[in-house]
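Each chain, written out:
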Amino acid sequence: LFRSSSTCPVSTTNLNKAPGTGAGTGWTTPGNILLNDNNNATVSLANSTSSSALTATGFNFNIPANATIVGIQASISRFGANTSLQDNNVSLLKAGVTSGSNKAATGTGWPATEAVATYGSTSDLWGTTWTPSDVNASNFGVSLIVANTAATGAARTATVDYVDLTVTYTLPGTVNWYTVSSGGSTIGSGYTFNPVGVASSGLSNTNTAGTFTYFAECSTNPGCRTAANFVIKPSTAITAQPQSVAI
């Protein structure tokens, strides 16, 4: 029986996606937020009013079920006709409902020319927890509400070019076992492994003494294998000798 003395490190992945759907009552062409192409979604706001939510969903993430979500970052490329246009609410959508922290940069005016604002980070969960199924759902996404904070003056137009999300997740590593030092197919996996009777291990039983070499590879470090010897010691035969007993 092999037993690994250490565990494989986790692997970290940053997966960036564009939405499949953009929507928002009162917004003109909200579907334009899907691509970075200067085709924009806009909303005109009178003084001291806020927009309805502009939502981006349908990101089509396909994160493995055994992953751990460790961070989510939203990027929104936007600009406004006046610095009175400011974030009111920037939240993530879980099952289609705003969840967790509001990451809006309230009090900061939107730029006059297009620029990307980022919210959250690769290690920020927005004040809540996330499972792979939450993130893979079609109604997972991000919601933006913008406000015109001016007390007087003409209506202002807020413009959004595109939205995207980056989800950071980790996967646990495991040990895979091989009969060769490179290439080949795995014959088993796990931190403990017994090759006896395993298909393609070349060791159907322990009847033959010898040293049999196998190779362990961490799934998060493919191509780097360590040799391990499985030793079968010769059995010791015990012979019973006849004895005479005087009666």
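In case you missed it, the structure is sitting above this.
Residues numbered from 1 in each chain as written. Predicted model: local features only at pLDDT ≥ 70, side-chain atom pairs only at ≥ 80, totals over all residues. Heavy atoms only, no water.

> Let's hear about unusual backbone geometry: which residues, and what values?
A positive phi angle, close to 45°, is found at Thr-29, a residue other than glycine. Tracing the backbone shows Thr-29 in the loop between strand 3 (21–23) and strand 4 (41–45). The partly exposed category is assigned to Thr-29, whose relative accessible area is 40%. (Helix = DSSP H or I, 4+ residues; strand = E, 2+ residues; numbered from the N terminus. Buried < 20%, exposed > 50% of the residue type's maximum accessible area, 1.4 Å probe, protein only.)

> An account of the nonpolar core is needed here, citing residue identities and associated values.
General note: in soluble globular proteins, nonpolar side chains tend to be found buried as a group. Counting residues in each nonpolar core, the largest one holds 36 residues, and the members touching the most others are Ile-72, Val-160 and Leu-165. At the level of secondary structure, the elements contributing two or more residues to this core comprise strand 4, strand 6 (54–57), strand 7 (68–80), strand 8 (85–94), strand 10 (115–121), strand 11 (141–148) and strand 12 (156–171). The element contributing the most residues to this core is strand 12, with seven residues. In terms of nonpolar packing, the next biggest core, distinct from the first, is built from twelve residues, Trp-177, Ile-187, Ala-216 and Ala-228 among them. (Core = buried A, V, L, I, M, F, W, Y, C linked by side-chain atoms within 4.5 Å.)

> Describe the sheet that holds strand 14 (residues 188–189), naming the residues involved and giving the relevant values.
Strand order in the open sheet formed by four strands is 14-13-16-17, and the pairing between neighbours is antiparallel. Both edges of this open sheet fall to strand 14 and strand 17 (225–232), since each of them pairs with a single strand only. Judged from the eight bridges that link them, strand 16 (residues 210–218) and strand 17 form a sheet pairing that is antiparallel. Bridge pairing in strand 17 places Thr-211 opposite Val-231. (Pairing = 2+ DSSP bridges.)

> I'd love a proper account of the pattern of salt bridges, names of residues and values included.
Evaluated as defined, the whole model comprises two salt bridges. Taking the shortest distance from any N to any O, the salt bridge between Lys-103 and Asp-124 comes out at 2.7 Å. Placement of Lys-103 in the loop between strand 9 (97–99) and strand 10 and of Asp-124 in the loop between strand 10 and helix 1 (132–136) is noted, with a sequence separation of 21 residues between them. Here Lys-103 falls in the partly exposed class, since its relative accessible area comes to 25%. For Asp-124, a relative accessible area of 18% corresponds to the buried category. Across the pair Arg-225 and Glu-217 runs a salt bridge whose closest N-O atoms are separated by 2.8 Å. Residue Glu-217 is classed as buried on the basis of its relative accessible area, which comes to 6%. (Salt bridge = Lys/Arg side-chain N within 4 Å of Asp/Glu carboxyl O.)

> Run through the environment of Ser-235, naming residues and quoting values.
Within the secondary structure, Ser-235 sits in the segment after strand 17. Judged by relative accessible area, Ser-235 falls into the exposed class, the value being 71%. The spacing of Ser-235 and Thr-206 is 29 residues in sequence and 9.9 Å in space, taken between C-alpha atoms.

> Break down the environment of Ser-99 for me, with residues and values.
Position of Ser-99 relative to the elements: it lies in strand 9. A residue is classified by how much of its surface remains accessible, and Ser-99, at 15% relative accessible area, is buried. A C-alpha to C-alpha distance of 8.4 Å links Ser-99 and Gly-127, two positions 28 residues apart in sequence. When sequence neighbours within four positions are dropped, the list of residues in contact with Ser-99 reads Leu-92 and Lys-94. For Ser-99, the side chain forms a polar contact with the main-chain oxygen of Val-97, separated by 3.1 Å. (Contact = heavy atoms within 4.5 Å. Polar contact = N/O pair within 3.5 Å; in protein donor to acceptor, adjacent residues only side chain to side chain.)

Functional significance is not addressed by these values, which are geometric in nature.
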